[in-house]
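What follows is the residue order along each chain.
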2 protein chains.
Amino acid sequence: MKKIKYLKCSKCGAVVSEEVMYNCPHCGTSGTLDVIYDMELIKNELTKEYLKENKNTNIWRYLPILPLEGLTGAAPLQIGMSPLYKSSRLEKLLNIKNIYVKDEGRNPTASFKDRASAVGIAKAIELKKNVICAASTGNAASSVSGFAACMGIENYIFVPETIPEGKLAQLLVFGSKVILVDGDYDTAFDFCLKAVEHFGWYNRSCAINPYLVEGKKTAAFEICEQLDFKVPDKVIMSVGDGCSIAGVWKGFKEFYDLGLIDKLPVMVSVQAEGSNPVNRAFRNNKFEFDYIAPKTIADSISVGIPRNGYKALNALNESKGIAVDVSDEEILNAMTVLARHTGVFGEPAGVTGFAGLMKLAGEGAIGPDESVAFIVSGSGLKDVKSAQMAVLKPDKVKPQLDLLIKYFEENK
Amino acid sequence: MKKIKYLKCSKCGAVVSEEVMYNCPHCGTSGTLDVIYDMELIKNELTKEYLKENKNTNIWRYLPILPLEGLTGAAPLQIGMSPLYKSSRLEKLLNIKNIYVKDEGRNPTASFKDRASAVGIAKAIELKKNVICAASTGNAASSVSGFAACMGIENYIFVPETIPEGKLAQLLVFGSKVILVDGDYDTAFDFCLKAVEHFGWYNRSCAINPYLVEGKKTAAFEICEQLDFKVPDKVIMSVGDGCSIAGVWKGFKEFYDLGLIDKLPVMVSVQAEGSNPVNRAFRNNKFEFDYIAPKTIADSISVGIPRNGYKALNALNESKGIAVDVSDEEILNAMTVLARHTGVFGEPAGVTGFAGLMKLAGEGAIGPDESVAFIVSGSGLKDVKSAQMAVLKPDKVKPQLDLLIKYFEENK
């Protein structure tokens, strides 16, 4: 493809031809590849004027810098251009001048993963692949499932048995062939790899397929456009495998390289205390990951081996980033604080970034004059069981006014 | 308010002053009021040019014909301008030339009700009301809850004990004061009325408050704009209380009266067989409702007494409408057919309209050259339990390739 120069390994830095479909030939599975574009070529097309005139209000407006020849495989779903809210109520609460919330729960299947799946499905169609597959803790699965359904593409989804009910129901309603793996996410992931090899399917996993992250970077492009190209000082993300923070960072870098923005944000990686391999490596200044069995309520970022960990570390190192760990209790508290101040209801992993912001704000690590943006990566409706843990179920009241008055008095 | 001429009773036709806050003084609870605008006045402002120039991509772009003085109480959430998809896969399946799907699950709290709540909360703030309340089967509740949270308004929500878990969790996460009523929706509704009278709260129920439906009509405005002012032949809606179909019909009528469109659609009311009071009345050419205890999986439209039934009947009579009843089985089937052809996952009530379209198409009641639009009124993630009834849970597979191959062979 003319606009793509080459692929580059996030681990060893090797330059790899576009013909390589998945990982770095030297590093194997752990060497996920970045797509490197010919910026001089793209610069001519992707200008502020181009964006201003573009009537597409979805991720396809960024086609000049997406790894697709055209829009043949672009699903007719409204994907991306999710709202970015400035929240005066949060600004007051946390004493920070500018706080922006990007609600990714507003995507077609209610998560950030839709951006990646949209590109993945489009790429599969462009490559004339008839069967697509993915391993996922849930959101990537329901997302590829929804997009495949919309485009009529056969698909196999490998999920760990711990997948929340809402996410599993989505997959089944969309008609995916679901393989409920007896094991955790890591097991499901490895099992999917084996199956891909055997059956020759197209693999949608962000941890394998270099083109998926390309969808995720569009969130950064949108933040730039939505803030009239004024980049926030800090961009805060929930981190699991590492491809979301890597994707968003890549987006900012590309807009910077295109001369569309004049500064880069500091990337903040927020992980759950019980699943923090990226943050551990970053803090210890290491470029490798040690495995600890993950344990967190935030299923979407519950990861023992970060499959895109090198990309995430690169993002943190390049942006002089910050790593914050939060407890499950802080995550559940963040869920209600966010909902009660903004009307945005996120799932546990979705609000983990905000939990990190609350922690940093509490420690005074973010100045009152700063501007910060955080991404809510998935809707709270995806994992109602966890939401129920954040709140108390109300008592039943008989429909009599005197009993209600009494009930209010007792529950002040 | 200068742009409002008067309110008009949907039951007896009486003209009522704008000072009347809730129902018709003659008819009581059953006489819900319509807001009648000064069209000659509005015509000067609300033109195609005005709409073209308007940068607001939410319902507030229609302010000239909303019952608000200004946008003081407008929540900073992206409400409305939900996607309208043309689905070639459904068109092929049902042999109809133009099928449009409007996905209201993409609203802030994932349902059509957000349009009404946005206007309701804005109106409450404009009227300087500090406490708002609602009775709801779930979606109106979570919607008013989310908007109230965003604006920091105290709110009380009366829900029947049968409310699906996802909807209840939303309310609690948003911090509403939830009254879980020992009884069904009708009981919760009446109980809420009594409480309003006692406590003096502002009542957000569409069945009481004439301003709520005004939010719902914006979906019709959007359909007009999204189709470049070419109105579909038929607009198909799931119907419970009746205010959604009434609201959407009112929207088309108003755009017609403003000269923005040159024809009106036929309105199609789809109800669940076990909860069809509006359709029964319409078919029997009656202007009254008989109570049968409702029984349907589609909780959002499970209604014994249609609280906006007269408005709904007026919509059907005026538009020479069609009434279709569908079984719960047809609703669940419609859920998977819709999801597997469009990528849109609706809750049972959300896909009831589509179930009606499938039925009409099957009976040849819609010609191949017609254009039809239907509204998916809420996200399937709101009621996962029902979705689970539409699908089979997959078996667990041990992570061994040979077992997977065997599993595929056994489950062809």
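Residues numbered from 1 in each chain as written. Chains lettered and ligands numbered in written order. Predicted model: local features only at pLDDT ≥ 70, side-chain atom pairs only at ≥ 80, totals over all residues. Heavy atoms only, no water.

Here's the deal with the side chain of B:S143
Alright, step 1. Tracing the chain through its elements places B:S143 in helix 5 (residues 139–151).
Alright, step 2. Among all residues touching B:S143, those that are not within four sequence positions of it are B:T109, B:K113, B:D114 and B:S117. (Helix = DSSP H or I, 4+ residues; strand = E, 2+ residues; numbered from the N terminus. Contact = heavy atoms within 4.5 Å.)

Some thoughts on the relation of the copies chain B and chain A
Each of the two chain copies can be generated from the other by rotation about an axis followed by a shift along it.
Alright, step 1. Expressed as a screw operation, the relation of chain B to chain A combines 0.0 Å of axial shift with a rotation of 180°, fitting to an RMSD of 0.0 Å. The two molecules are tied by a two-fold rotation axis, judged by turn and shift. (Least-squares fit on C-alpha atoms with pLDDT ≥ 70 in both.)

Looking at the pattern of salt bridges
Alright, step 1. The full count for this structure, using the stated rule, is 46 salt bridges over all chains.
Alright, step 2. A salt bridge links A:D233 to A:K263; its shortest N-O distance comes to 2.5 Å. Here A:D233, found in the loop between helix 9 (218–226) and strand 10 (234–238), pairs with A:K263, found in the loop between helix 10 (243–257) and strand 11 (266–272); they are 30 residues apart in sequence, far enough to count as distant.
Alright, step 3. Look at A:K263 and you get partly exposed, because its relative accessible area is 30%.
Alright, step 4. The salt bridge partner of B:R115 is B:E222, with a shortest N-O separation of 2.7 Å. Taken as a pair, B:R115 in helix 4 (residues 113–126) and B:E222 in helix 9 (residues 218–226) lie far apart in primary sequence, 107 residues in all. In this pair, the class of B:R115 matches that of B:E222, namely buried.
Alright, step 5. Beyond isolated ion pairs, a larger network of salt bridges with shared partners links A:K102, A:E104, A:R115 and A:E222. (Salt bridge = Lys/Arg side-chain N within 4 Å of Asp/Glu carboxyl O. Buried < 20%, exposed > 50% of the residue type's maximum accessible area, 1.4 Å probe, protein only.)

A short note on the sheet that holds strand 1 (residues 4–9) of chain B
Strand pairing in a sheet relies on backbone hydrogen bonds, with the paired strands running either antiparallel or parallel.
All names here are of chain B.
Alright, step 1. Taken together, the 3 strands give an open sheet; going across it, the order is 2-1-3, and neighbouring strands pair in antiparallel fashion. Each end of this open sheet is capped by a strand with a single partner; those strands are strand 2 (15–16) and strand 3 (33–37).
Alright, step 2. Of the strand pairs in this sheet, strand 1 and strand 2 are connected by 2 bridges, and their pairing is antiparallel. Bridge pairing in strand 2 places L7 opposite V16. (Pairing = 2+ DSSP bridges.)

Considerations on the sheet that holds strand 7 (residues 154–160) of chain A
Alright, step 1. Pairing in this open sheet of 5 strands is parallel, and the strands run 9(A)-6(A)-7(A)-8(A)-14(B) from one edge to the other. The open sheet is flanked by strand 9 (202–203) of chain A together with strand 14 (396–397) of chain B, the only strands paired with a single partner.
Alright, step 2. In this sheet, strand 9 of chain A lies alongside strand 6 (residues 131–135) of chain A in parallel orientation, the contact comprising 2 bridges. What sits directly across from A:I132, in strand 9 of chain A, is A:Y202.
Alright, step 3. Strands strand 7 and strand 8 (177–181) of chain A together with strand 14 of chain B of the sheet are contacted by helix 16 (residues 401–410) of chain B, whose axis makes an angle of about 140° with strand 8 of chain A. (Axes fitted to C-alpha atoms, helices over the stretch in contact; angles between N-to-C directions.)

A short note on the interface of chain B and chain A
Alright, step 1. The partner chain A presents 68 residues to the 68 residues of chain B that form the contact.
Alright, step 2. When chain B packs against chain A, the two sides together hide about 5700 Å² of surface, and 70% of this comes from carbon and sulfur.
Alright, step 3. If you sort the residues of chain B by the area they bury against chain A, B:R106, B:V173 and B:L381 come out on top, with a joint share of 13%.
Alright, step 4. The tally of links between chain B and chain A comes to 4 salt bridges.
Alright, step 5. Between B:K398 and A:D182 there is a salt bridge, and its shortest N-O distance comes to 3.2 Å.
Alright, step 6. Broken down by element, the residue count for the side of chain B that touches chain A peaks at 7 residues, all from helix 6 (residues 165–173) of chain B.
Alright, step 7. The residue inventory of the side of chain B that touches chain A, partitioned by class, reads 41 nonpolar, 15 polar and 12 charged. (Buried area = accessible area lost by both parts, 1.4 Å probe. Nonpolar A, V, L, I, M, F, W, Y, C, P; charged D, E, K, R; others polar.)

A closer look at the nonpolar core
Alright, step 1. In terms of nonpolar packing, the biggest core is built from 296 residues, with A:F158, A:F255, B:F158 and B:F255 touching the most fellow members.
Alright, step 2. B:F255 has contacts with B:L46, B:L51, B:Y62, B:F221, B:C224, B:F229, B:L260 and B:I261, leaving out every residue within four places of it along the chain. (Core = buried A, V, L, I, M, F, W, Y, C linked by side-chain atoms within 4.5 Å.)

Focus: the pairing of strand 3 of chain B
Residues and elements named next belong to chain B.
Alright, step 1. With 4 of 5 residues buried, strand 3 lies mostly within the body of the structure.
Alright, step 2. Taken together, the 5 bridges between strand 1 and strand 3 define a ladder with antiparallel strand orientation. Looking across to strand 3, one finds that C9 is bridged to L33.

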